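Structure at a glance
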Amino acid sequence: MSSTPTEESIVTLKAEALDQLANAADEASVESWRVEYMGRRGRLTGILRNLGSLDPDQRRAIGAAANRLKGELESALDERAAEIKRSGSSQPKDAIDVTLPGRRTRRGGLHPSTQIIREMLDAFNEMGFQTVEGNEVELERYNFDMLNIPADHPARDMQDTIWIDRERASEDGGVLLRTQTSGMQPRIMEKQDPPVRIVSPGKCFRFEATDATHEWQFHQVEGLAVDEGLSFADLKGTLYEFARRIFGADRKVRFRCDFFPFVEPGVDMSIDWNGRWVEILGAGMVHPRVLRNVGYDPEKYTGFAFGVGPERVAMLKYGIEDIRHFFGNDLRFLTQF
Ligand code: DAH
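Calculation criteria
- Residues numbered from 1 in each chain as written.
- Predicted model: local features only at pLDDT ≥ 70, side-chain atom pairs only at ≥ 80, totals over all residues.
- Heavy atoms only, no water.
- Helix = DSSP H or I, 4+ residues; strand = E, 2+ residues; numbered from the N terminus.
- Rg over C-alpha atoms; globule rule 2.2 N^0.38 Å.
- Buried < 20%, exposed > 50% of the residue type's maximum accessible area, 1.4 Å probe, protein only.
- Contact = heavy atoms within 4.5 Å.
- Areas by Shrake-Rupley, 256 points an atom, 1.4 Å probe, with all protein chains shown as cover.
- Lys, Arg positive; Asp, Glu negative; His and termini not counted.
- Charge placed at Lys NZ, Arg CZ, Asp CG, Glu CD.
- Near = heavy atom within 4 Å.
- Polar contact = N/O pair within 3.5 Å; in protein donor to acceptor, adjacent residues only side chain to side chain.
- Phe/Tyr/Trp six-rings, centres within 6.5 Å; stacked < 30°, edge-to-face > 60°.
- Domains from an automatic or database assignment.
- Pairing = 2+ DSSP bridges.
- Core = buried A, V, L, I, M, F, W, Y, C linked by side-chain atoms within 4.5 Å.
- Axes fitted to C-alpha atoms, helices over the stretch in contact; angles between N-to-C directions.

Attention now goes to the overall build of the chain. Helix and strand counts for the chain stand at eleven helices and ten strands. The C-alpha atoms of the chain give 36 Å as radius of gyration, which overshoots the globular expectation for 337 residues (20 Å, by more than 25%). With the C-alpha coordinates of the chain rotated into their principal frame, the extents come out at 105 × 55 × 35 Å. A buried classification covers 44% of the 337 residues belonging to the chain. For the chain, long-range pairs separated by at least 24 residues make up 65% of all intrachain contacts whose partners lie at least 6 apart in sequence. When the accessible surface of the chain is summed, it comes to about 19,100 Å², and 48% of that surface belongs to carbon and sulfur atoms. Across the chain, the 44 positively charged side chains and the 54 negatively charged ones have centroids separated by 5 Å.

Here it is, written out as structure tokens:
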């Protein structure tokens, strides 16, 4: 292209160039387009090089037009290249061999924690408990104060807390990652009058060194029933039935006294595992002070509560020896369920 440049030739060149670029479907065609127009011997490069053969007036006008076109083509090039990259059509069309036989896609599955939680919720739902979900980021007020665990109570030391904002100036106290699902008890009771019969599954977090039976993140399934005339027999009946449904009718179950500030009396429940007792939950009769905190009359209403560790339940049920497997994200473990 060494003919004398004219304004017309620039207009034609532009039309041709843009048209051809729009049809360039992959990286290779974009590159040969670049060489054809903007390469060392390219058509636009030729025009720019020949500007010197023009007289000064023409040179100014046509030179400006040619330079403008250069800018336009450069940005059109960038845009087209990016488009091709985005659409993934940078592979030549024959890169996919459509005659290859199909392969089975690998099916995902539910996490073992999710599976056991659903199984537990099914058991409780069938006994008349309704599922409610809570929040993982909780106020100090619900995680501790409303549950009869004031700031100076030693029970707080049992739950090493991951604080989001400890010094927050508010009557709700600080903000933390909940250490237990029990905060859902006052949250639900504040919102409704008895009768209450709920289960609330969810994740909890503690600032804790991990070992085979302790994780810094784990699930709990909280349960709460409040009504007129509920007794310890209702608590035991409910939890026996739960154990029977999850572990089968013959599994031995043991209750022992235990202490939790928001129940009185408090118990824990263990399951027989090859002659060993393994604790899976804490429970008790809702403390009158907790009922009063939410405006219920403890002379009229009684209730029971429980908090089960689903990972513990799954460990017993499936013979998993280390709780850290649950959050280790190892497919060799996860795909066994
Ligand atoms: N929140 C307790 C814990 O994390 C477990 C628990 C004990 C829950 C007794 C309850 C209960 O509802 O009544 O250790």
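Before going further, it helps to spend a moment on the site of the ligand. Taken together, 16 residues sit near the ligand, with Gln-180, Ser-182, Arg-206, Gln-220 and Glu-222 positioned nearest. One nitrogen or oxygen atom from the side chain of Arg-206 is found 2.9 Å from an oxygen atom belonging to the ligand. Burial of the ligand by the surrounding chains reaches 91%, relative to a free accessible area of 360 Å². Among the elements of the structure, strand 6 (217-227), strand 9 (276-286) and strand 10 (302-308) are those that each provide at least two residues to the shell around the ligand.

Turning to the packing of aromatic side chains, a few remarks are in order. Tallied over the entire structure, the rule returns 14 aromatic pairs. Plain terms: the ring middles of Phe-124 and Phe-129 are 5.8 Å apart, the flat faces sit at 70° to each other, and that makes the pair edge-to-face. For Phe-129, a relative accessible area of 4% puts it in the buried group. A centroid spacing of 6.0 Å and a plane angle of 55° characterise the contact between Tyr-296 and Tyr-301, whose relative ring orientation is tilted. The pair Tyr-296 / Tyr-301 is uniform in exposure class, with both members buried. Among the aromatic residues, those joined into a cluster by ring pairs are Phe-124, Phe-129, Phe-242, Phe-304 and Phe-306.

A few words on the domain arrangement of the chain. When cut into domains, the chain gives domain 1 (7-87) and domain 2 (112-334). Inter-centroid distance (C-alpha atoms) of domain 1 to domain 2 is 70 Å.

Regarding helix 7 (residues 184-191), the residues found buried are Met-184, Gln-185, Pro-186, Ile-188 and Met-189. Each element contacted by the buried residues of helix 7 is listed here: helix 6 (140-143), strand 5 (196-205), strand 6, helix 9 (288-293) and strand 10.

Glancing now at the pairing of strand 10. One face of the sheet, then the other: side chains in a regular strand alternate in exactly this way. Within strand 10, five of the seven residues are buried, which leaves it mostly tucked inside the rest of the structure. Of the pairings in the sheet, the one linking strand 6 to strand 10 comprises seven bridges and is antiparallel in character. By the bridge assignment, Val-221 is partnered in strand 10 with Val-308. The sheet contact formed by strand 9 and strand 10 spans five bridges and is antiparallel. In the strand pairing of strand 10, Leu-281 is matched with Val-308.

One recurring pattern in soluble globular proteins is that nonpolar side chains are buried together. With 39 residues, the main nonpolar core has Phe-242, Met-269, Ile-280 and Phe-306 as its most contacted residues. The contact partners of Ile-280, leaving out residues within four places of it in the chain, are Phe-242, Phe-247, Met-269, Ser-270, Ile-271, Gly-307, Val-308, Gly-309, Arg-312, Val-313 and Leu-316.

Take the sheet that holds strand 8 (residues 263-273) next. Here we have seven strands laid out as an open sheet, ordered 1-5-6-10-9-8-7, and mixed in their pairing. Strands at the two margins of the open sheet, each flanked by one partner only, are strand 1 (130-131) and strand 7 (253-258). Bridging between strand 1 and strand 5 involves two bridges; their strand directions are parallel. Pairing of Gln-130 across the sheet is with Ile-198, part of strand 5. Where helix 7 meets the sheet, its contacts fall on strand 5, strand 6 and strand 10, and the angle it forms with strand 6 comes to roughly 40°.

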